[in-house]
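Working through the structure, step by step
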Number of protein chains: 2
Amino acid sequence: MKPKITLKDIAKELDVSISTVSKALKNSPEISKDTKDKIKAFAKFYNYRPNNIALSLKNKRTKNIGVVIPDIVHHFFTTVFRGIEKYANQKGYNVIVCISDESFDKEVINMEMLANGSIDGFILSLSAETQLKNDFTHLRELIGQGIPVVLFDRVTSEIDCDKVILNDKEIAFEATQHFINSGASKIALVTTENYFNVSEYRRDGYLSALSKNNIAVDDNLILTLPYNMENDSLIRDFFKRHKIDAVLCVNEIFAVQCMNIIKELGFEVPDDISIIAFTNGMLSKYSHPSLSTVAQHGDIMGERAAQMLIRRMESLEEEEPFKTEIINATLIKRGSTIN
Amino acid sequence: MKPKITLKDIAKELDVSISTVSKALKNSPEISKDTKDKIKAFAKFYNYRPNNIALSLKNKRTKNIGVVIPDIVHHFFTTVFRGIEKYANQKGYNVIVCISDESFDKEVINMEMLANGSIDGFILSLSAETQLKNDFTHLRELIGQGIPVVLFDRVTSEIDCDKVILNDKEIAFEATQHFINSGASKIALVTTENYFNVSEYRRDGYLSALSKNNIAVDDNLILTLPYNMENDSLIRDFFKRHKIDAVLCVNEIFAVQCMNIIKELGFEVPDDISIIAFTNGMLSKYSHPSLSTVAQHGDIMGERAAQMLIRRMESLEEEEPFKTEIINATLIKRGSTIN
DNA sequence: TTGTATGCGTTATCAA
DNA sequence: TTGATAACGCATACAA
């Protein structure tokens, strides 16, 4: 087939200068109609397209966005990514994805690799290890170099940049209140280690709903599960040992694990125990009964993050103050709660 | 903080030429130790990193791989992507992802956008629409331009390139045979429209297992569901109308939908009806009972695809013949079958 | 041992 | 109306 063709090739073939070709293809009024027609026809025939790399070098902008996420198998990140990709594509940007795999080193290495000219800006959600170490020098350096960064979901107050987060505390409050309204008082929380700031906010919401309703907090009703481990026996113990009316889970995997064990122990969902899960994914939708969930609207988060990033990258006035956008989660009531 | 620095900046600052700096940083023996030390120290202090874009332009290779997939929320594609990303990263490549969203146009546009210098090669799985239209001119053009392409899973024989596929027919045969071995004879197949070539292969495997065991094919036991629709009522009708012992589903969503309805109709899984699902994802793992599945080993497919692509991109001898690698699926026996 | 010139593909400025 | 030149950041063949 036709090989890739450059301005130079066209110029040589048509016996004009490179700059004439360039101008003609940009429809510059400097060039005569005849010449333009000739050049355009030739370019069209050989399917000329300007080389992105050369443009990037010249313009000092790549039209690439770097996205760094801890994980892609989890429904939430998947949907955020989809939101980013969709919006970015509409705006003519491409998306380079790196998976940090919850590792600090991978996060740092990937970002440094991309920061050397490959991308114009970053969208990222902090890895577990980064949150644990509380070390953000890599982010500070990138921002110091003038690379715009947008953090989403797993953010940190240590870094001053644009952010998109969920109203975690409020929605956890709302979910807990929903349990209480339907008569529950022994309400459990199944959560992750605390260095995930989102888990902390959710716990706050849970706690404040209890206290608002004058329900004493029972620390035994808070189950902290290790991330990504086989934890069925912990869960089984938990539900055997304590009388529980309702459970709020910080993700849907915990929730289905809990539900399966609850049923196995002979309890009915939602009659004996109600469940609400964060993340409105496939697991929740297709479980039996289907799970009531907190919809995090990942698509919207992604879209907003991309929007904020692109706006900042394209804005000329440097010193717009950083914003934090809050996405409002919504409670989706399905089969695992009494509504 | 320190701003991004270039060779030129270093040269000016240290009052040497750009090429001296370039050579020094590459540890060239041409340059005296003193000069090298001085330059290296300076570069290190200012955290000099060569600009990827400039390197790409010079070397005519970007170290970027373009990945085009129909969808990212589906577990299979997610795992394939993870495999690609992991391997590519190890080899120093970045991954630019585009989601075709099952649309022919998006597939074409995205690929053309990336093909203008942004990437060195493609890994893709055909969109539904592309398979339906059977139009592959965009692929032919890219390949004609010398851009290497690796197809995975949803491939086509129309295009001559490297491919990675699953042994769909064989594993569908094996799954069906497993049903038969455990005493089933009224075996159903729940599948998608036929223009998905993988569905066709799976159907072939299913049919040949039946005929091998002298079980008459009953077309009424094959349910073709539209992709991505609310199809509960179709499924309910299907299981009401026909006496069925076992169901093979071409994806796990269909499988959990079937299972939920089967249970709702008062049947027991696996005692009354056994189920096997393609895709060993979260849904299968956490359903109740957990689903027996065909593990497609997406990670491995992704890794192999990346490996084939990178090998081809880096190989000097142009004319190595194209290969098709076949990944062997494995049957994972869990709670939805009698084992 | 160091520096100059050239080129990768493009655009913009200025000259003809 | 067209063309020559410089520049983006880097690497390298060649000259000094």
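Residues numbered from 1 in each chain as written. Chains lettered and ligands numbered in written order. Predicted model: local features only at pLDDT ≥ 70, side-chain atom pairs only at ≥ 80, totals over all residues. Heavy atoms only, no water.

1. Looking at the overall build of chain A
In terms of helices and strands, chain A carries 14 helices and twelve strands. Taken along the three principal axes of its C-alpha coordinates, chain A extends 85 × 40 × 30 Å. Sorting the 339 residues of chain A into buried and exposed places 55% on the buried side. Within chain A, contacts between residues at least 6 apart in sequence are counted, and of these 70% link residues at least 24 apart. Carbon and sulfur atoms make up 49% of the accessible area of chain A, which amounts to about 15000 Å² in all. (Helix = DSSP H or I, 4+ residues; strand = E, 2+ residues; numbered from the N terminus. Buried < 20%, exposed > 50% of the residue type's maximum accessible area, 1.4 Å probe, protein only. Contact = heavy atoms within 4.5 Å. Areas by Shrake-Rupley, 256 points an atom, 1.4 Å probe, with all protein chains shown as cover.)

2. Thoughts on the domain arrangement of chain A
Parsing chain A into structural domains produces domain 1 (7–49), domain 2 (62–166 + 298–327) and domain 3 (168–296). Relative to domain 3 of chain A, the C-alpha centre of domain 1 of chain A lies at a distance of 66 Å. (Domains from an automatic or database assignment.)

3. Re the interface of chain B and chain A
In this assembly, 53 residues from chain B lie in contact with 53 residues from chain A. Buried area between chain B and chain A, both sides added, is near 4900 Å², and the carbon and sulfur share of it is 61%. Counting the surface chain B buries against chain A, the share from its top three residues, Ile-53, Asn-116 and Tyr-286 of chain B, is 14%. In this assembly, chain B and chain A are joined by zero salt bridges. Put simply, chain B and chain A have 15 residue pairs in polar contact (both at pLDDT 80 or more) between them. Mapped onto the side of chain B that touches chain A, the elements with two or more residues apiece are helix H4 (52–59), helix H5 (75–90), strand E2 (94–99), helix H6 (104–115), helix H8 (137–144), helix H12 (252–264) and helix H13 (282–286) of chain B. Both strand E2 (residues 94–99) of chain A and E2 of chain B contribute to a ladder of two bridges, which runs antiparallel. (Buried area = accessible area lost by both parts, 1.4 Å probe. Salt bridge = Lys/Arg side-chain N within 4 Å of Asp/Glu carboxyl O. Polar contact = N/O pair within 3.5 Å; in protein donor to acceptor, adjacent residues only side chain to side chain. Pairing = 2+ DSSP bridges.)

4. Some details on the relation of the copies chain B and chain A
If you rotate chain B by 180 degrees and push it 0.0 Å along the axis, it lands on chain A with an RMSD of 0.0 Å. Between the two chains, the operation in question is that of a two-fold axis. Taking C-alpha positions as reference, the residue of chain B nearest the rotation axis is Ile-96 of chain B, located at 2.1 Å. (Least-squares fit on C-alpha atoms with pLDDT ≥ 70 in both.)

5. Considerations on the sheet that holds strand E8 (residues 246–249) of chain B
All names here are of chain B. Taking strand neighbours across the sheet as the criterion, the six strands line up as E7-E6-E8-E9-E10-E12 in an open arrangement whose pairing is mixed. Two strands close off the open sheet at either side, each with one partner strand: strand E7 (222–224) and strand E12 (330–332). Averaged over all neighbouring strand pairs, the angle between strand axes comes to 20 degrees, with direction disregarded. Pairing of E8 with strand E9 (residues 274–278), which is carried by four bridges, proceeds in the parallel orientation. Bridge assignment links Ala-246 to a residue of E9, and that residue is Ser-274. Where helix H10 (residues 197–212) meets the sheet, it contacts strand E6 (187–191), E7, E8 and E9, and its direction lies at approximately 175 degrees from that of E6. In this fold helix H11 (residues 232–241) packs onto E6, E7 and E8, with an angle of close to 170 degrees to the strand it touches most, E7. (Axes fitted to C-alpha atoms, helices over the stretch in contact; angles between N-to-C directions.)

6. Side note on the state of the cysteines
All names here are of chain B. Here the structure, examined in full by the defined rule, presents zero disulfides over all chains. Residue Cys-161 stays outside any disulfide, its sulfur separated by 18 Å from that of Cys-98, the closest cysteine. Its relative accessible area of 4% is what places Cys-161 among the buried residues. Distance from the sulfur of Cys-249, which forms no disulfide, to the nearest cysteine sulfur (Cys-258) is 4.1 Å. Of the residues examined, Cys-249 reaches a relative accessible area of 0% and is grouped as buried. (Disulfide = S-S within 2.5 Å.)

7. So, the environment of Asn-181 of chain A
Residue and element names in this part refer to chain A. Mapped onto the fold, Asn-181 is located in helix H9 (residues 168–181). You can call Asn-181 exposed: its relative accessible area is 59%. Asn-181 sits 157 residues away from Ile-338 along the chain, and the two C-alpha atoms are 9.6 Å apart.

8. Re the pattern of salt bridges
All names here are of chain B. Tallied over the full model, the rule gives 24 salt bridges over all chains. Put simply, Asp-299 and Arg-82 hold a salt bridge, and the shortest N to O gap is 3.1 Å. Taken together, the residues span a long stretch of sequence, with Asp-299 in helix H14 (residues 298–314) and Arg-82 in helix H5 at a distance of 217 residues. Given a relative accessible area of 32%, Asp-299 falls into the partly exposed group. With a shortest N-O distance of 2.6 Å, Arg-312 and Asp-162 are connected by a salt bridge. Of this pair, Arg-312 sits in helix H14 while Asp-162 sits in strand E5 (residues 162–166), and the two are 150 residues apart along the sequence. The same class applies to Arg-312 as to Asp-162, namely buried.

9. Brief notes about helix H10 (residues 197–212) of chain A
Residues and elements named next belong to chain A. Its 16 residues give H10 an end-to-end C-alpha distance of 22 Å, which sits within 8% of 22 Å, the value for a rise of 1.5 Å per residue. Taken together, the buried positions of H10 are occupied by Asn-197, Val-198, Ser-199, Arg-202, Arg-203, Gly-205, Tyr-206, Ala-209 and Leu-210. Phi turns positive, to about 55 degrees, at Asn-214, one or two residues after H10. (Expected span 1.5 Å × (residues − 1).)

10. Some remarks on the pairing of E6 of chain B
All names here are of chain B. Counted residue by residue, E6 has five buried out of five residues, so it is predominantly covered. Bridge analysis of E6 against E7 gives three bridges, and the strand direction is parallel. If you follow Val-190 over to E7, its bridge partner there is Leu-223. In this region the chain leaves E6, passes through H10 and returns to the parallel neighbour E7; the handedness of that crossover is right-handed. (Right-handed = clockwise from strand over helix to strand, strands pointing away.)

11. Quick word on helix H11 (residues 232–241) of chain A
Residue and element names in this part refer to chain A. Listing the buried residues of H11 in full gives Ile-235, Phe-238 and Phe-239. The buried residues of H11 occupy an angular sector of 85 degrees when the element is viewed end-on, so they sit on one face. Relative to its buried face, H11 has exposed residues pointing more than 90 degrees away, namely Lys-240 and Arg-241. Of the surrounding secondary structure, the elements contacted by the buried residues of H11 are strand E6 (187–191), strand E7 (222–224), strand E8 (246–249) and helix H12 (252–264). (Arc of directions from axis to C-beta.)

12. Description of the protein's contact with DNA strand C
Around DNA strand C there are 27 residues in total, and Tyr-48 of chain A together with Thr-20, Lys-23, Thr-35 and Lys-58 of chain B lie nearest to it. Considering DNA strand C, the proportion of its atoms within 4 Å of the protein that are sugar or phosphate atoms stands at 61%. A distance of 2.8 Å separates a phosphate oxygen of DNA strand C from a polar backbone atom of Leu-7 of chain A. In this structure, a base oxygen belonging to DNA strand C sits 3.3 Å away from a side-chain N or O atom of Glu-30 of chain B. (Near = heavy atom within 4 Å.)

13. As for empty space enclosed by the protein
Overall, the coordinates contain four cavities of 30 Å³ or more when judged by the stated rule. There is about 800 Å³ of room inside the largest cavity. Along the walls of the largest cavity sit 46 residues, with Val-73 and His-75 of chain A together with Val-73, His-75 and Met-282 of chain B positioned nearest its centre. Classifying every residue of the lining of the largest cavity by side-chain character gives 21 nonpolar, 17 polar and eight charged. (1 Å grid on protein atoms, 1.4 Å probe; cavity = no way out; pocket = protein on both sides within 12 Å on 5 of 7 lines; lining within 4 Å. Points joined across faces, edges and corners; volume = space filled by probe spheres on them. Nonpolar A, V, L, I, M, F, W, Y, C, P; charged D, E, K, R; others polar.)

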